[in-house]
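Here's the letter readout for the chains.
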Amino acid sequence: MGGKRQVRVAMHLRRVDVDGPDGEPVTLSYPGMLLTGYEDGCKVCERWIPLGGEPSVADDEVLIDALHAAMLWQNHAEECP
């Protein structure tokens, strides 16, 4: 592919269903940022980055790296982030 590329950045709440301590289903959720790559209007990749309420320096570095990779991909300089 070599068409027009766009990256959508959106807040996203990831949900996971698990069994609680009493065996009843429980839904856990965690906020994050969803990076979605589109080429010629079609979704071709996505990456979810967790964002906690008190991010660490390591969390910030992961986010910066992901955004950097997404921007490079948008300009045809890298594979899907």
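Now for a quick tour of the structure. As a convention, each chain's residues are numbered from 1 in the sequence order in which they are written. Totals for whole chains, interfaces and linings use all residues, but because this is a predicted model, local features are given only for residues with pLDDT of at least 70 and pairs of side-chain atoms are given and counted only at 80 or more. As a rule here, side-chain values cover all heavy atoms of the structure and leave hydrogens and water aside.

## Here's the deal with the side chain of Arg5
Here comes step 1: You can see Arg5 is positioned in strand E1 (residues 5–19).
Here comes step 2: Classification of Arg5 by relative accessible area gives buried; the value is 14%.
Here comes step 3: Any pair of N or O atoms that falls within 3.5 Å is considered a polar contact. Within protein, one atom must be able to donate a hydrogen and the other to accept it, and sequence-neighbouring residues count only if both atoms are side-chain atoms. For Arg5, the side chain forms a polar contact with the main-chain oxygen of Trp73, separated by 2.8 Å.
Here comes step 4: The contact rule is simple, with two residues in contact once any of their heavy atoms fall within 4.5 Å. Apart from residues lying up to four places away in sequence, Arg5 is in contact with Tyr38, Glu39, Trp73, Gln74, His76 and Glu78. In DSSP terms, a helix is any run of H or I states spanning at least four residues, a strand is any run of E spanning at least two, and both are numbered starting from the N terminus. Think of it in three bands: with a 1.4 Å probe and only protein chains considered, a residue is buried below 20% of the maximum accessible area for its type, exposed above 50%, and partly exposed in between.

## Section: the pattern of salt bridges
Here comes step 1: The salt bridge definition used is simple: a Lys or Arg side-chain nitrogen within 4 Å of an Asp or Glu carboxyl oxygen. The full count for this structure, using the stated rule, is 2 salt bridges.
Here comes step 2: For Glu39, the salt bridge is made with Arg5, and the minimal N-O distance between the two is 3.4 Å. Placement of the pair is Glu39 in strand E2 (residues 25–39) and Arg5 in strand E1, with a sequence separation of 34 residues.
Here comes step 3: Its salt-bridge partner being Lys43, residue Glu46 comes within 3.3 Å of it at the nearest N-O pair.

## Examining the pairing of E2
Here comes step 1: Strands are treated as partners if at least two bridges between them are detected by DSSP. Inspection of the sheet shows E1 paired to E2 by 15 bridges, in the antiparallel sense. Directly across from Met11, in E2, lies its bridge partner Met33.
Here comes step 2: Between E1 and the antiparallel strand that follows it, E2, lie 5 residues; Gly23 among them carries a positive phi value of about 90 degrees.
Here comes step 3: Relative to strand E3 (residues 42–50), E2 runs antiparallel, the two sharing 8 bridges. Looking at the pairing, Thr36 lines up with Glu46 of E3.
Here comes step 4: In sequence, E2 turns back onto E3 through a hairpin of 2 residues, with Asp40 there showing a positive phi of about 50 degrees.

Read these as spatial facts, not as claims about activity.
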